[in-house]
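Okay, here's what each chain looks like letter by letter:
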Amino acid sequence: MAENHAQNKAKLISETRRRFEAEYVTDKPEKYDPRDVERLQQDDNWVESYLHWRHNVVDETLKMLDESFQWRKEFSVNDLNESSIPRWLLEIGGIYLHGYDKEGNKLFWIRVKYHIKDQKTILDKKKLIAFWLERYAKRENGKPITVMFDLSETGLNSIDMDFVRFIINCFKVYYPKYLSKMVIFDMPWIMNAAFKIVKSWLGPEAVSLLKFTSKNEVQDYVSVEYLPPHMGGTDPFKYSYPPLVDDDFQTPLCENGPIASEDETSSKEDIETDGKETLETISNEEQTALLKKTNPAESTPKAEESEKVDSKLKTFKKPLSVFKGPLLHISPAEELYFGSTESGEKKTLIVLTNVTKNIVAFKVRTTAPEKYRVKPSNSSCDPGASVDIVVSPHGGLTVSAQDRFLIMAAEMEQPSGTGPAELTQFWKEVPRNKVMEHRLRCHTVESNKPNTLTLKDNALNMSDKTSEDIYLQLNRLLESNRKLEDQVQRCIWFQQLLLALTMLLLAFAVSFFYSLYS
């Protein structure tokens, strides 16, 4: 079944390329940017995104490609950069990328209050939208994006239907398959009629992607850590330019301070430095056995000791969630748990398991490389084997919920060596569409809650529902309680309003009858 699907997809991609070249490019090649035509012939994902959006109907896909490519040339999308955009537009902070929704999709912020309808600036604003989307598309290549349409503090002068229609066309025609959802926040009642028109532009399928929210409802889609205070969030982020607002994952990650080195340098010095921070019930020798692969030539007692440590870790890791990717299974699936600031930041563990028949190369990136040491940060995993990656804050720096990690993995189909030089060359040559990516958020827990690597005596007897799970459920319960309180408060306010109106009407009636009979 899977083979047939892959063959059908390949046939559709091939037919789309052949027909577009023959029916559109041959007659009027000047209509398009040659770089787009060339990319269409080489990038399967790009062709597939257009086919997917047009339900694999080649005729409709060709029309969509024609419209999209003409627009790309008209806006010189391939050449857009910061110098293409007026500096004041970059400085005002009306459009930018920042944060993630609860599904891990990037947030694309459109702060409508900064947009004043003006025909003189509309083209530059459209270019700014295209600049950010193209920048994101080149880096993420197909990963969906969530549009945060922030309508708070907006008025009639901010309503620009031409601009809204352009944004919709970006996701409907120019960047198909990229829209995860569009979260409309705090829409004034005066804009209800305008958004009825917007729904007609989107079509029935895309309308389901519109999510109209208030301060309480927006947290169903984005957690408070990525919401600004006016949305009920705790994100301290303040927009500024320069530099561009972006949380690119950076590399290399250092294992032992400023100089990146793999497992060769993760020995006694590192253990002595961090021995007090983590693995509280494991001795220094056991930590060395954990962070290094066991040497077969070592003595039997040391091997047995290492096995005991591994069994403890496996028992503790069992309740953790697992992300099952096509190349690697990654545990934990979503969040890295660190200790509290009060108790000192503790190490945490990422477990990678190779589920392919080939060697898988992997590397780890983060949005804050100056904060963390990761061992190993750039290595490989044999078929069927597992690798433990230890993450620890460097120099006592504080873990932030805004920090994120990116696991990148690619299958090494030909044996070309797995040394540092070979891996560096491999990552330079591997196609982007062959790379698996998975993101992890950082999360700090209170000191009385277990860390991923804090092996307390009672940790081995914990049930599947760990204290971390209970802690998260308690947070959800508190959040639900807060929403309920808000609803009750609104009901009380509404009742008070009704009472005031009733009293006003009663006073008016008494006054009316008094004047009538006096």
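This text goes with the structure placed above it.
Described in the following lines is the structure provided in the data block. (Residues numbered from 1 in each chain as written. Predicted model: local features only at pLDDT ≥ 70, side-chain atom pairs only at ≥ 80, totals over all residues. Heavy atoms only, no water.)

This part covers the overall build of the chain. Scanning the chain for helices and strands turns up 14 helices and 15 strands. Burial status across the chain gives 45% buried among its 518 residues. Contacts in the chain between residues at least 24 apart in sequence constitute 74% of all its contacts with a sequence separation of at least 6. Summed over its atoms, the accessible surface of the chain is roughly 27,500 Å², and 54% of this surface lies on carbon and sulfur atoms. (Helix = DSSP H or I, 4+ residues; strand = E, 2+ residues; numbered from the N terminus. Buried < 20%, exposed > 50% of the residue type's maximum accessible area, 1.4 Å probe, protein only. Contact = heavy atoms within 4.5 Å. Areas by Shrake-Rupley, 256 points an atom, 1.4 Å probe, with all protein chains shown as cover.)

Any two side chains of opposite charge can pair, given that their charged atoms come close. For the structure on display, the rule yields 20 salt bridges. Among the ionic pairs, Arg19 bridges to Glu15, the shortest N-O distance being 3.8 Å. Note that Arg19 and Glu15 are positioned in helix H1 (residues 2-25) at a spacing of four residues, about one turn of the helix. When the shortest N-O distance is used, the salt bridge between Lys181 and Asp101 registers 2.8 Å. One end of the pair, Lys181, is in strand E4 (residues 179-185); the other, Asp101, is in the loop between strand E1 (95-100) and strand E2 (106-111), with 80 residues separating them in the sequence. Lys181 gets classed as buried once you look at its relative accessible area, which sits at 5%. Three or more residues joined by partner-sharing salt bridges are found here, namely Glu15, Arg19, Glu23 and Asp59. (Salt bridge = Lys/Arg side-chain N within 4 Å of Asp/Glu carboxyl O.)

Successive residues of a regular strand alternate their side chains across the two faces of the sheet. Every second residue of strand E11 (residues 372-375) is oriented toward a common face, with Tyr372 and Val374 on one face and Arg373 and Lys375 on the other, all of them buried. In the sheet, E11 pairs with strand E13 (residues 386-393) via four bridges, with the strands oriented antiparallel. By the bridge assignment for E13, Val374 is matched with Val391. (Pairing = 2+ DSSP bridges.)

For the rest of this paragraph, the subject is the side chain of Ser380. Mapped onto the fold, Ser380 is located in strand E12 (residues 378-381). The exposure class of Ser380 is buried, given its relative accessible area of 12%. In this structure Ser380 touches Ile359, Val360, Ala361, Phe362, Val387 and Thr418, once residues within four positions along its chain are discounted.

Of the residues making up helix H3 (residues 44-53), those classed as buried are Trp46, Val47, Ser49, Tyr50 and Leu51. N-cap assignment for H3: the residue whose side-chain oxygen lies 3.1 Å from the backbone N of Asn45 is Asp43. (Polar contact = N/O pair within 3.5 Å; in protein donor to acceptor, adjacent residues only side chain to side chain.)

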